[in-house]
Amino acid sequence: MGADLRFDAIVVGGGPAGVAAAITMAKGGLDCVLIERGRFAGAKNLFGGVLYTHALADILPDYWSRQPPFERPVTEQGYWLLSPDSAMRILHKGECYKGEPAAAYTALRARFDPWFAEQAVREGVLVIPKTTVTEVRRDDQGRAIGVATDRPEGEVSAPIVVLAEGVNNLLTQQLGLARGDLPPRYVALAVKEVIGLPSAEIEARFGLAGPQEGVAIDIFGDATLGLPGTAFLYTDTKAVSIGVGLLLEELVHHNLRPYEVLARFKAHPAVRPYLAGGTPLEYGAHLIPEQGYDRMPQLVADGVLVAGDAACMVDALHREGTNLAMTAGRLAGETALEAHREQDFSARALRAYRRRLAESFVLKDLKQYRRMTDLLDSTPHLLGTYVNFINEAAQRYFTAHGIPKREMEAEILGLLRERRSFLGVARDLMRLLRGMRG
Ligand SMILES: Cc1cc2nc3c(=O)[nH]c(=O)nc-3n(C[C@H](O)[C@H](O)[C@H](O)COP(=O)(O)OP(=O)(O)OC[C@H]3O[C@@H](n4cnc5c(N)ncnc54)[C@H](O)[C@@H]3O)c2cc1C
């Protein structure tokens, strides 16, 4: 690398956001370089992970013929509400999920990200791995003119830089677009384990007809000790992905170690049978930015666009992040193409990126769920008291006790009243509704 390395555009980060931006720009005719600090794209990345194909199809309409390395289509999905010793399961399964390609697939990032980056190379992007961008270079008027990297003579120039550096958005912070480190109240730490099992065993345990079926379950309640957070259990081809995530503030406040929370969750009587005899294949931890719409970094500066986790584009309630990242990357790429056409890379011109995002589901959803993290934080009963109540109520409801049903119903109401006053329930419901409506 040397000072003569000039491109039309530079992308920092080889995750879904960065690769989506790079492909969009290369398809539009720009000479584009993507710089990734990992040994290869995906080497350092981890997610749950359910991948939604709508965002991929918008970038690569022929993606299916390029044989993406998906695990299983998601043909059954839903929630488990865990009490310490039982589970209320709300799962949806149907023929509607069985089209090909499906709307969602489970995937492992160590396989998906390299494939996605490979598609960028096919479109003409130069992908440079094992290289960390250390600074966005600016001229004396503050306009981005390229980047510096950790390589000797590692300067690369371009009039536009897309920052898709993920949750540790150091460059976004350096430019003053984000306000310092993520506050522990708004960032979750998730730990995930991939546990190998024979395909047929997974199918028998989860009631699947074959490798053409798969399950994605998000789990609340005892999985996170009733604290704000979620857990998940997803089927891969020859493994299950299991994990748990909690806000950093909760981990610190309750002196919890994430790997201990995961070990406890794995030992739950409703979970253990799905993992029995499996071989641990991978273990990792990653942060999830959950500060939402109101605390997002600025998305543009002169010659700079920010996309994906670097801009906190995660809808944790619906476990969506990769599709927001890909869509934002695509829209950043389209904005860069327009800037090249107009030869105007000013922040004023690049604000078209924010407008595009505002018209898409990305900012609409982030805006709608802007209060979700605060809601869970300020309404601790939601994932503790109510989840335990629902489990106990279900047990009473589904068991005959030799008493009239009207008495049984009164007993169930009594169980709730023991835990929460009528006013408390009404207030929690109002807060939940407000949190869902935005
Ligand atoms: C446990 C967990 C479960 C999740 N589950 C789901 C799910 O089921 N479905 C879903 O859609 N989303 C899920 N997400 C969210 C999803 O993973 C993210 O939203 C998504 O990966 C964001 O993509 P990105 O490209 O913005 O960032 P990333 O995927 O983090 O990519 C950023 C890239 O930038 C590179 N990089 C960083 N700094 C530099 C630098 N200075 N120089 C060069 N390279 C750099 C990194 O190495 C990395 O490759 C989950 C996340 C976690 C942690």
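Draft legend 1. Quick look at unusual backbone geometry. With an omega dihedral of 15 degrees, the bond running from G48 to G49 counts as a cis peptide bond. One can find G49 in the loop between β2 (32–35) and β3 (50–52). Residue P101 follows E100 across a cis peptide bond; omega there is 0 degrees. Here P101 lies in the loop between β5 (87–93) and β6 (104–106). Not every positive phi belongs to a glycine, and K130 is a case in point at roughly 55 degrees. By the element assignment, K130 lies in the loop between β7 (126–128) and β8 (133–138). Its relative accessible area of 55% is what places K130 among the exposed residues.

Draft legend 2. The pattern of salt bridges, seen in detail. If you walk through the whole model with that rule in mind, you get 29 salt bridges. When salt bridges with common partners are traced through the structure, they connect D58, R330, E334, E338 and R356 into a single cluster.

Draft legend 3. Examining the domain arrangement of the chain more closely. Each domain of the chain was delimited in the assignment, giving domain 1 (9–71 + 107–180 + 294–368), domain 2 (184–289) and domain 3 (373–437). Taking only C-alpha atoms into account, the centre of domain 2 sits 25 Å from that of domain 3. In total, domain 2 and domain 3 occlude about 730 Å² of area from one another, counting both sides; carbon and sulfur atoms represent 56% of this. Inspection of the region where domain 2 meets domain 3 yields one salt bridge.

Draft legend 4. Looking closely at the sheet that holds strand β1 (residues 9–12). On the basis of which strands lie adjacent, the open sheet formed by six strands has the order β7-β2-β1-β11-β18-β17 and mixed pairing. Looking at the sheet topology across the chains shown, the edges are occupied by β7 and β17 (300–301). With four bridges connecting them, β1 and β2 associate as parallel partners. Across the sheet, I10 pairs through a bridge with V33, a residue of β2.

Draft legend 5. How the structure looks around helix α16 (residues 422–437). Across its 16 residues, α16 extends 23 Å between first and last C-alpha, which sits within 8% of the 22 Å expected from 1.5 Å per residue. By the burial criterion, the buried members of α16 are G424, V425, D428 and G435. Each buried residue of α16 lies within a common arc of 100 degrees when the element is viewed along its axis, so the set occupies one face. Opposite the buried face of α16, by more than 90 degrees, sit the exposed residues F422, L423, L433 and R437. Taken together, the buried residues of α16 touch α12 (361–368), α13 (372–378), α14 (385–398) and α15 (405–419). Backbone geometry just after α16 places G438 at a positive phi near 85 degrees.

Draft legend 6. Representation of the packing of α14 against α15 within the structure. In contact at an axis separation of 10 Å, α14 and α15 are set at 165 degrees when each is read in the N-to-C sense. As the angle between them shows, α14 and α15 are arranged roughly antiparallel. For the element pair α14 and α15, the recorded crossing hand is right-handed. On the side of α14, the interface is formed by T385, Y386, N388, F389, E392, A393, R396 and Y397, while α15 contributes M408, E411, I412, L415, L416 and R419.

Draft legend 7. Just the layout of surface pockets, in detail. There is about 230 Å³ of room inside the second largest pocket. The wall of the second largest pocket is formed by 16 residues, among which A178, R179, Q291, R295 and M296 lie closest to the centre. Residue composition of the lining of the second largest pocket, grouped by class: seven nonpolar, six polar and three charged.

Draft legend 8. Focus on the sheet that holds strand β10 (residues 155–157). Read from one edge of the open sheet, three strands run β8-β9-β10, paired in antiparallel fashion. With one partner strand each, in any of the chains shown, β8 and β10 form the two edges of the open sheet. Along the sheet, successive strands turn relative to each other by an average axial angle of 25 degrees, direction set aside.

Draft legend 9. Structural view of the nonpolar core. Residues F116, M313 and Y353 are the most contacted members of the largest nonpolar core, which totals 79 residues. Residue contributions to this core peak at nine residues, all from helix α9 (residues 322–342). Sequence-distant contacts of F116, that is, excluding residues within four places in its chain, are made with P16, V19, A20, I23, L56, I59, L60 and M326. Membership of the second largest hydrophobic core comes to 28 residues, among which are W80, V191, I195 and I242.

Draft legend 10. Representation of the site of the ligand in the model. Among the 36 residues in the neighbourhood of the ligand, the closest are listed as E36, V50, R109, D309 and T322. Residue G48 places a main-chain N or O atom 2.9 Å away from a nitrogen atom belonging to the ligand. Separating a nitrogen atom of the ligand from a backbone N or O atom of R319 is a distance of 3.0 Å. Alone, the ligand offers 1,000 Å² of accessible surface; in the complex the protein occludes 95% of this. Secondary structure elements with two or more residues in the shell around the ligand: α1 (16–27), β3, β16 (279–289) and α9. It is β16 that provides the largest number of residues to the shell around the ligand, a total of three residues. Split by residue class, the shell around the ligand holds 16 nonpolar, 13 polar and seven charged. There are two domains that each give the shell around the ligand at least three residues, and those are domain 1 (9–71 + 107–180 + 294–368) and domain 2 (184–289).

Criteria and cut-off values
Residues numbered from 1 in each chain as written. Predicted model: local features only at pLDDT ≥ 70, side-chain atom pairs only at ≥ 80, totals over all residues. Heavy atoms only, no water. Helix = DSSP H or I, 4+ residues; strand = E, 2+ residues; numbered from the N terminus. Buried < 20%, exposed > 50% of the residue type's maximum accessible area, 1.4 Å probe, protein only. Salt bridge = Lys/Arg side-chain N within 4 Å of Asp/Glu carboxyl O. Domains from an automatic or database assignment. Buried area = accessible area lost by both parts, 1.4 Å probe. Pairing = 2+ DSSP bridges. Expected span 1.5 Å × (residues − 1). Arc of directions from axis to C-beta. Contact = heavy atoms within 4.5 Å. Axes fitted to C-alpha atoms, helices over the stretch in contact; angles between N-to-C directions. Parallel < 35°, antiparallel > 145°, perpendicular 65-115°, else oblique. Left-handed = near helix turned anticlockwise from the far one by under 90°. 1 Å grid on protein atoms, 1.4 Å probe; cavity = no way out; pocket = protein on both sides within 12 Å on 5 of 7 lines; lining within 4 Å. Points joined across faces, edges and corners; volume = space filled by probe spheres on them. Nonpolar A, V, L, I, M, F, W, Y, C, P; charged D, E, K, R; others polar. Core = buried A, V, L, I, M, F, W, Y, C linked by side-chain atoms within 4.5 Å. Near = heavy atom within 4 Å. Polar contact = N/O pair within 3.5 Å; in protein donor to acceptor, adjacent residues only side chain to side chain. Areas by Shrake-Rupley, 256 points an atom, 1.4 Å probe, with all protein chains shown as cover.

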